Amino acid sequence: MQIIAHRGASGDFPENTLLAFEQALLQGADAIELDVFALDGELVVIHDHHLERTTNGSGSIYQYSLAQLQQLDAGLGQPVPLLWQVLVLTQGKCWLNIELKGADTLAPLLALLQRAEQQLQYDCQSLLISSFNHHLLAALKQARPELRLGALTACLPLDYAAFASALDAYSVHCDVSFINQQMVTDAKARGLKVYVYTVDAADDIARLKHYSVDGIFCNYPALSRARLQHAKT
Ligand code: G3P
Ligand code: MG
């Protein structure tokens, strides 16, 4: 079971910052999950489009220019990073799950991936692009069919993972509050990987190990790894 650092090592460091991503690497995470919005044609790494919870700014990010946003403090003096900076930081060190939050992220993502391939020789097929916005994922699949998609759900659908198959996704990403063995069995029968958010508690880790899920999104990657090793199935 893979350990995916949720917004970086966000339990101990300011979420979605380069510091949290560096710490996730130090804690031995297999992968890093992060959230992106589009601003001035660039992808910025932040979870909420309102700024109060994670920065010293206020209001919507859309009231800011990119230059203004980058002046804000996202915790411990860390700025809101560009996705580009995260690609540079993590290339060759771990795989990335990019969660598209803003509905206008598709064109900036396509441009950024092309730039990363040209300038960094980045292997975009190592990325996993996810969203709760399945229309966005369908459009991305049309534009770049070879990319790996992660279909997010916050519920337990009547037809289980059928929505992820319909998207030709690589994986289904489920809420720990709703996932059950039937969902995992259905997803695996469809050839999908199963990743579960957000999982830090020892009893959840043991239950998901018993279900044989493929990975968990954790706020405390090192602690979750230790709990996983000690969990009985
Ligand atoms: O991608 C998994 C998880 O991050 C989805 O929920 O709200 O933490 O972005 P959220
Ligand atoms: Mg997320």
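Not measured: the values here are computed from a predicted model. (Residues numbered from 1 in each chain as written. Chains lettered and ligands numbered in written order. Predicted model: local features only at pLDDT ≥ 70, side-chain atom pairs only at ≥ 80, totals over all residues. Heavy atoms only, no water.)

### Let's talk about the site of ligand 1
Stated formally: Throughout this document, a residue counts as near a molecule or strand when at least one of its heavy atoms sits within 4 Å of that molecule or strand. We call two N or O atoms a polar contact when they sit within 3.5 Å, provided that within protein one can donate a hydrogen and the other can accept it, with sequence-adjacent residues counted only if both atoms are side-chain atoms. Areas reported here follow the Shrake-Rupley algorithm with a probe of radius 1.4 Å; residue values treat only the protein chains shown as occluding. Amino acid classes used here: Ala, Val, Leu, Ile, Met, Phe, Trp, Tyr, Cys and Pro are nonpolar; Asp, Glu, Lys and Arg are charged; the rest, including Gly, are polar.
In the neighbourhood of ligand 1, the contacting residues comprise His-6, Arg-7, Glu-33, Asp-35, His-47, Glu-99, Lys-101, Phe-132, Leu-152 and Tyr-197. At 2.7 Å from an oxygen atom of ligand 1 is found a side-chain nitrogen or oxygen belonging to His-47. Here ligand 1, which alone exposes 290 Å², has 90% of that area covered by the protein. Grouping the amino acids of the shell around ligand 1 by side-chain chemistry returns 3 nonpolar, 2 polar and 5 charged.

### So, helix α7 (residues 181-189)
Put simply, the rule is: Whether a residue is buried, partly exposed or exposed follows from its accessible area with a 1.4 Å probe, protein chains only, as a fraction of its type maximum: under 20%, in between, or over 50%, in that order. Strands are runs of DSSP state E lasting at least 2 residues, helices are runs of H or I lasting at least 4, and numbering of each runs from the N terminus. Throughout, the arc means the angular range of directions from the helix axis out to the C-beta atoms. Contacts are assigned to residue pairs that have any heavy atoms within 4.5 Å of one another.
Turning to α7, its buried residues number three or more, namely Met-183, Val-184, Asp-186 and Ala-187. All buried residues of α7 lie within an arc of 165 degrees about the axis, which places them on one face of the element. In this structure, the buried side of α7 is in contact with α6 (162-166), β7 (171-175), β8 (193-197) and α8 (202-211). Of the residues flanking the start of α7, the one acting as N-cap is Asn-180, its side-chain oxygen 3.2 Å from the backbone nitrogen of Gln-182. Gly-191 sits one or two residues past α7 and shows a positive phi near 80 degrees.

### A short note on the domain arrangement of the chain
For clarity, the threshold we go by: For the domain bounds, the source is a domain assignment made automatically or taken from a database. Two parts placed together each lose some accessible area; with a 1.4 Å probe, that loss summed over both constitutes the buried area. Salt bridge, as used here: a side-chain nitrogen of Lys or Arg that lies within 4 Å of a carboxyl oxygen of Asp or Glu.
On domain assignment, one finds that the chain holds domain 1 (14-146) and domain 2 (150-233). Computed over C-alpha atoms, the centres of domain 1 and domain 2 are 22 Å apart. In this complex, domain 1 contributes 17 residues to the contact, which on the side of domain 2 involves 18 residues. Summed over both sides, the interface of domain 1 with domain 2 buries roughly 1,300 Å², with 64% coming from carbon and sulfur. Connecting domain 1 to domain 2 are 2 salt bridges. Across the pair Asp-30 and Arg-225 runs a salt bridge, and its minimum N-O distance is 3.3 Å. Taken together, domain 1 and domain 2 are joined by 8 residue pairs in polar contact (both at pLDDT 80 or more). Taken together, the elements giving at least two residues each to the side of domain 1 that touches domain 2 come down to β4 (95-100), β5 (128-131) and α5 (134-143). A per-class count over the side of domain 1 that touches domain 2 returns 7 nonpolar, 6 polar and 4 charged.

### Here we look at the packing of helix α3 (residues 83-90) against helix α4 (residues 106-120)
When two helices pack together, their arrangement is given by the angle between the helix axes and by the axis-to-axis distance. What counts here: Only C-alpha atoms enter the line fits that serve as axes; for helices the fit covers just the stretch in contact. Angles between N-to-C directions range over 0 to 180 degrees. It is the rotation of the near helix from the far one that decides the hand of a crossing: anticlockwise by less than a right angle makes it left-handed, clockwise makes it right-handed.
As a packed pair, α3 and α4 sit with axes 11 Å apart at the nearest point and diverge in direction by 35 degrees. Between α3 and α4 lies a crossing whose hand is right-handed. Of the residues in α4, those touching α3 at Leu-83, Trp-84, Leu-87 and Val-88 are Leu-112, Arg-115, Ala-116, Gln-119 and Leu-120. When grouped by side-chain class, the residues that make up the contact of α3 with α4 number 7 nonpolar, 1 polar and 1 charged.

### Let's talk about the state of the cysteines
Cysteine pairs can be covalently joined through their sulfur atoms, and such a bond is termed a disulfide. The following threshold applies: Criterion for a disulfide: a pair of cysteine sulfur atoms at a distance within 2.5 Å.
In the structure shown here, the tally under the stated rule is 0 disulfides. Between Cys-174, a cysteine without a disulfide, and Cys-155, which holds the nearest cysteine sulfur, the sulfur-to-sulfur distance is 9.2 Å. Judged by its relative accessible area of 2%, Cys-174 is buried.

### Regarding the coordination of the magnesium ion (ligand 2)
Just so we agree on the cut-off: Distances decide who is a donor: an N, O or S atom must be within 2.8 Å of the metal, or within 3.2 Å for Na, K and Ca. Water is not included, so sites may look incomplete.
Only Glu-33 (OE), Asp-35 (OD) and Glu-99 (OE) from the protein reach the magnesium ion (ligand 2) as donors, at distances of 2.0 to 2.2 Å. Here the donor residues of the magnesium ion (ligand 2) share one chain and are spaced in sequence as E-x1-D-x63-E. One end of the pair, Glu-33, is in strand β2 (residues 31-39); the other, Glu-99, is in strand β4, and 66 residues separate them in sequence. We classify Glu-33 as buried; its relative accessible area is 3%. The buried category is assigned to Glu-99, whose relative accessible area is 5%.

### Quick notes on the packing of aromatic side chains
Put simply, the rule is: Between rings of Phe, Tyr and Trp, where Trp is taken as its six-membered ring, a pair exists when centres lie within 6.5 Å; planes separated by under 30 degrees are stacked, by over 60 edge-to-face, and by other angles tilted. Ring-over charges, as used throughout, are those where CZ of Arg or NZ of Lys falls within 6 Å of the ring centre and within 35 degrees of the ring normal.
Throughout the structure, instances matching the rule amount to 4 aromatic pairs. Judged by centre distance (5.9 Å) and plane angle (45 degrees), the ring pair of Trp-95 and Tyr-195 falls under tilted. Taken together, the positions of Trp-95 in strand β4 and Tyr-195 in strand β8 put the pair 100 residues apart, joining distant regions of the chain. Taking 6.2 Å as the distance between ring centres and 85 degrees as the angle between the ring planes, the aromatic pair formed by Phe-132 and Tyr-197 counts as edge-to-face. Note that Phe-132 is positioned in the loop between β5 and α5 and Tyr-197 in strand β8, a separation of 65 residues in sequence. Assessed through its relative accessible area of 41%, Phe-132 is described here as partly exposed. In this structure an aromatic cluster arises from ring pairing among Trp-95, Tyr-195 and Phe-217. Across the ring face of Trp-95, the terminal group of Arg-148 is positioned such that the distance to the ring centre comes to 5.8 Å. The ring centre of Tyr-170 lies 4.4 Å from the NZ or CZ of Arg-148, which sits over that ring.

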